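Fold and contact review
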Amino acid sequence: MAPPRNVVKIAVQMRDAIPQLIQLDQAKPLAAVLKEVCDAWSLTHSHRYALQFADGHRRYITENNRGEIKNGSILCLSTAPDLEAEQLLSGLQSTSCEVRREALRHLVLLASDMTFAQEVISRDGLQRLGTIIEDGDDLGEVLALGLRAFLELMEHGVVSWETLSIPFVRKVVCYVNMNLMDASVQPLALRLLESVTLSSPALGQLIKSEVPLDRLLVHLQVMNQQLQTKAMALLTALLQGANHAERKHMLDYLWQRNFRQFIYKNIIHSAAPLGDEMAHHLYVLQALTLGLLEPRMRTPVDPYSQEQRDQLQALRQAAFEPEGESLGTGLSADRRRSLCAREFRKLGFSNSNPAQDLERVPPGLLALDNMLYFSRQAPSAYSRFVLENSSREDKHECPFARSSIQLTLLLCELLHVGEPCSETAQDFSPMFFGQDQSFHELFCVAIQLLNKTWKEMRATQEDFDKVMQVVREQLARTLALKPTSLELFRTKVNALTYGEVLRLRQTERLHQEGTLAPPILELREKLKPELLGLIRQQRLLRLCEGTLFHKISSRRRQDKLWFCCLSPNHKVLQYGDVEESTGVPTPESLPEQLPVADIRALLTGKDCPHVREKGSGKQNKDLYELAFSISYDRGEEEAYLNFIAPSKRDFYLWTDGLSALLGSPMGSEQTRLDLEQLLTMETKLRLLELENVPIPDQPPPVPPPPTNFNFCYDCTIAEP
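Residues numbered from 1 in each chain as written. Predicted model: local features only at pLDDT ≥ 70, side-chain atom pairs only at ≥ 80, totals over all residues. Heavy atoms only, no water.

So the rule is basically this: UniProt positions are given in the numbering used here, feature names are shortened, and annotations may be inferred rather than shown by experiment.
As annotated in an unreviewed UniProt entry, the protein is Engulfment and cell motility protein 3 isoform X1 from Octodon degus. Quoted straight from UniProt, the Function (unreviewed entry) entry for the protein says "Involved in cytoskeletal rearrangements required for phagocytosis of apoptotic cells and cell motility. Acts in association with DOCK1 and CRK. Was initially proposed to be required in complex with DOCK1 to activate Rac Rho small GTPases. May enhance the guanine nucleotide exchange factor (GEF) activity of DOCK1."

Considering empty space enclosed by the protein
Where we set the bar: Cavities and pockets are found on a 1 Å grid laid over the protein atoms alone: a cavity is a set of points where a 1.4 Å probe fits but cannot escape, a pocket is an open set with protein on both sides within 12 Å along at least five of seven lines, and a lining residue has an atom within 4 Å of such a point. Grid points are joined across faces, edges and corners, and a volume is the space filled by probe spheres set on the points. Numbering of helices and strands starts at the N terminus; helices are DSSP runs of H or I of at least 4 residues and strands are runs of E of at least 2.
Taken as a whole, this structure holds three cavities of 30 Å³ or more when the rule is applied. Counted as a void, the largest cavity has a volume near 100 Å³. For the lining of the largest cavity, the secondary structure elements donating two or more residues are helix 14 (276-291) and helix 21 (438-457). Per element, the largest residue contribution to the lining of the largest cavity is three residues, and it comes from helix 21.

Remarks on the side chain of Asp357
Convention followed: Polar contacts here mean pairs of N or O atoms no more than 3.5 Å apart (in protein, one a potential hydrogen donor and the other a potential acceptor; neighbouring residues in sequence count only if both atoms are side-chain atoms). In what follows, residue pairs with any heavy atoms lying within 4.5 Å of each other are defined as contacts.
Note that Asp357 resides in the loop between helix 17 (333-346) and helix 18 (365-377). A distance of 2.8 Å separates a polar atom in the side chain of Asp357 from a polar atom in the side chain of Asn351. Residue contacts for Asp357: discarding those within four places in its chain leaves Phe349, Ser350, Asn351 and Ile405.

With respect to the environment of Glu397
Its place among the elements puts Glu397 in the loop between helix 19 (379-390) and helix 20 (400-414). With 136 residues separating them along the chain, Glu397 and Gly533 place their C-alpha atoms 56 Å apart. The residues contacting Glu397, other than those within four sequence positions of it, are Asn389, Ser390, Arg392, Trp454 and Gln461.

Considering the pattern of salt bridges
Which entries qualify depends on this criterion: Each salt bridge in this description consists of a side-chain nitrogen of Lys or Arg and a carboxyl oxygen of Asp or Glu lying within 4 Å of one another. Between buried and exposed lies partly exposed: a residue is buried under 20% and exposed over 50% of the maximum accessible area for its type, with that area taken using a 1.4 Å probe on protein chains only.
Applying the stated criterion across every chain, the model contains 41 salt bridges. Across the pair Glu388 and Lys455 runs a salt bridge, and its minimum N-O distance is 3.2 Å. Here Glu388, found in helix 19, pairs with Lys455, found in helix 21; they are 67 residues apart in sequence, far enough to count as distant. Judged by its relative accessible area of 25%, Glu388 is partly exposed. Within the structure, one salt-bridge network assembled from shared partners comprises Glu98, Arg101, Glu102, Arg105 and Glu141.

Section: the packing of aromatic side chains
Definition in use: The pairing test for Phe, Tyr and Trp rings, Trp by its six-membered ring, is centres within 6.5 Å, and the orientation test on the planes gives stacked under 30 degrees, edge-to-face over 60, and tilted for anything in between. The criterion for a charge sitting over a ring is simple: Lys NZ or Arg CZ within 6 Å of the ring centre, and within 35 degrees of the ring normal.
This model, assessed by the stated rule, comprises 20 aromatic pairs. Ring centres of Phe344 and Phe349 lie 5.8 Å apart, and the angle between their planes is 80°; on these two criteria the pair is classed as edge-to-face. By the burial criterion, Phe344 is buried, and Phe349 matches it. On the basis of an interplanar angle of 65° and a centroid distance of 6.2 Å, the ring pair of Phe428 and Phe433 is categorised as edge-to-face. As far as burial versus exposure is concerned, Phe428 and Phe433 are alike and both buried. Here the aromatic cluster, defined as three or more aromatic residues joined through ring pairs, consists of Phe549, Trp562, Tyr575, Phe628, Phe643, Phe651, Tyr652 and Trp654. Across the ring face of Phe464, the terminal group of Arg402 is positioned such that the distance to the ring centre comes to 3.9 Å. Over the ring of Phe651 we find Lys648, and its NZ or CZ is 5.0 Å from the ring centre.

Description of the packing of helix 2 (residues 81-92) against helix 4 (residues 114-122)
Note the threshold: Axis angles are defined between N-to-C directions and span 0 to 180 degrees, where every axis is a line fitted to C-alpha atoms and, for a helix, only to the segment in contact. Roughly parallel means an angle under 35 degrees; roughly antiparallel means over 145; roughly perpendicular covers 65 to 115; every other angle is labelled oblique. Crossing handedness follows the turn of the near helix against the far one: under a right angle anticlockwise gives a left-handed crossing, and clockwise gives a right-handed one. For this classification, Asp, Glu, Lys and Arg are treated as charged, while Ala, Val, Leu, Ile, Met, Phe, Trp, Tyr, Cys and Pro are nonpolar and the rest, including Gly, are polar.
Between helix 2 and helix 4, the shortest axis-to-axis distance is 9 Å and the interhelical angle comes to 50°. As the angle between them shows, helix 2 and helix 4 are arranged oblique. Of the two elements, helix 2 crosses helix 4, and the hand of that crossing is right-handed. Where helix 2 approaches helix 4, its residues Pro81, Asp82, Glu84, Ala85, Leu88 and Leu89 are matched on the opposing element by Thr115, Phe116, Glu119 and Val120. Considering only residue class, the contact of helix 2 with helix 4 consists of six nonpolar, one polar and three charged.

Given below as structure tokens:
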């Protein structure tokens with residue numbers, strides 16, 4: 001007879017003892033189970049012991065997580081967490097340096113367990129670790145272990161970072177600013193300061209005043225990827241915590257110190273591959289730098305500003321008045337005003353008063369900045385653009401001002417100017433760090449591209465919106481290629497002519513669209529089950545290969561990774577934490593298992609518990625799109641395994657695979673695209689012999705039956 005559902009068969013081991021094979025009744029109190037295990041080994045005082053998972057991070061078994069124990073689990077009997085915490089904290093106060101070091105090593109191993117961490121924190125463990133860090137008697141391994149243990153305990157969120165004392169923070173700042181410091185200490189000190197900066201504005205201001213930007217630049221120039229990453233993390237945290245004026249001042253100073261050139265040459269084009277965390281911080285740095293344009297983008301032109309009126313006149317003069325000449329010398333004031341108004345219209349403004357065109361926000365004053373930059377940095381191209389279009393027929397001229405305003409708005413949308421930073425995105429553009437004034441330089445390329453496309457399309461004023469759609473597509477396709485320099489961007493975008501855009505559109509349309517003839521639709525319907533089975537098989541194989549996921553907290557982006565995969569027999573999900581440097585682990589090395597039979601449901605988006613806790617701000621939109629969770633039975637309770645997919649494609653593959661495991665339909669956008677592609681290919685293969693043969697919408701009519709059936713053989717007549 002099968003054992004009850006709440007009874008699991010497990011092994012319990014202890015050092016220097018023969019392991020026990022027991023049947024664990026999940027309904028029995030954990031204290032009673034411990035008593036039985038201790039009695040079997042003749043151990044008294046069972047309250048001094050606790051059970052731990054033998055693999056993984058050796059987490060303590062509690063009433064809350066005992067549901068994770070499955071058939072075949074291996075547990076070990078160890079010292080109770082309260083006694084273990086007491087012993088280790090006593091070791092920290094030992095006069096022997098070796099005893100303190102060994103206690104810290106053991107503390108680092110156990111600090112990731114929530115049960116143990118709470119015991120340490122309740123016994124003033126953070127204060128004792130803080131004393132070790134503040135005293136700084138040993139600037140080597142002991143200090144590094146102390147910082148690591150402190151960070152692990154604080155990551156649980158039991159104690160707020162805002163409670164840290166100013167002397168403690170200043171001491172950690174000293175370790176960051178100190179020369180000849182142990183290589184293992186400074187990355188941990190930088191990580192601690194980053195956490196403080198992101199969590200406490202007051203302490204963040206202290207760190208900003210105590211850590212010079214030059215010191216962070218020194219750390220970034222060290223050929224130590226971990227130190228570079230943590231220094232960049234603190235730098236972006238300080239920039240995020242600064243107001244607009246402070247951020248502009250800090251970035252101006254960094255650019256003066258050739259920070260952009262260093263990133264471009266020594267980080268982006270480094271021989272070592274760029275890590276995910278560094279890619280995220282480069283994305284944040286790009287977003288914050290482009291964010292400096294937001295005030296100009298949201299400020300309309302002031303018609304009473306003399307400076308802005310002079311800038312508009314400078315635009316007109318650069319296009320129509322040769323150097324050293326002035327408009328309408330000897331003309332009356334009315335005549336000069338009339339001539340100015342006519343030239344502003346030739347420049348592409350819709351109104352005789354150009355300030356009225358720039359009242360729209362966005363792009364506001366940013367459009368005027370772009371036009372001025374183009375006229376000053378590329379005067380010959382600017383004059384050629386304006387004069388060339390002035391000489392065309394009115395309906396065929398490309399309006400420079402109107403195009404510039406719309407193009408500035410388009411670039412702001414493509415580059416997400418003014419949008420909050422994502423917590424997980426890594427989508428930075430290497431070209432941004434290869435060029436000063438990258439936004440304005442990009443505009444100079446784009447406005448010339450627009451003029452080129454206008455001529456290729458032989459557009460008129462009525463086609464303005466169509467031209468902008470093509471230019472948007474040209475820019476978006478080229479930016480998606482992530483060109484490494486502005487010149488490469490210019491080459492690629494100019495190669496993407498209007499004819500090439502039409503060809504790409506046609507190709508994509510042929511891939512996406514199938515014929516609508518009823519016989520073909522009927523054939524596609526017959527092919528669907530077989531092809532869906534093929535897609536299902538591919539999704540399950542992808543789950544068996546496994547994926548590395550990032551751990552995301554409600555406070556900030558984490559650099560910890562965990563790996564999850566499906567067993568080859570499709571019966572168990574295997575998962576566990578991994579280090580970034582170790583690569584993809586083998587399924588046998590993963591400590592945790594979740595039987596597919598225990599899964600209740602698949603949740604996505606805002607229904608996931610780990611996303612609901614983060615609120616509903618704009619910065620969490622990307623998390624909604626990449627989040628999914630598995631609800632499963634853990635004893636009598638419902639538990640969740642939460643995921644944040646590294647990309648949209650991984651999100652589709654995993655949700656499809658899990659849906660297939662649960663017997664649900666695969667409803668992702670990726671499945672629709674894959675099915676459409678396979679159906680199109682298979683249909684074309686089936687119809688190869690019918691090429692150029694018209695297929696009727698209706699089957700040919702069946703002819704009427706013959707008038708007599710004498711030709712039929714009568715089977716009832718017996719042969720002689």
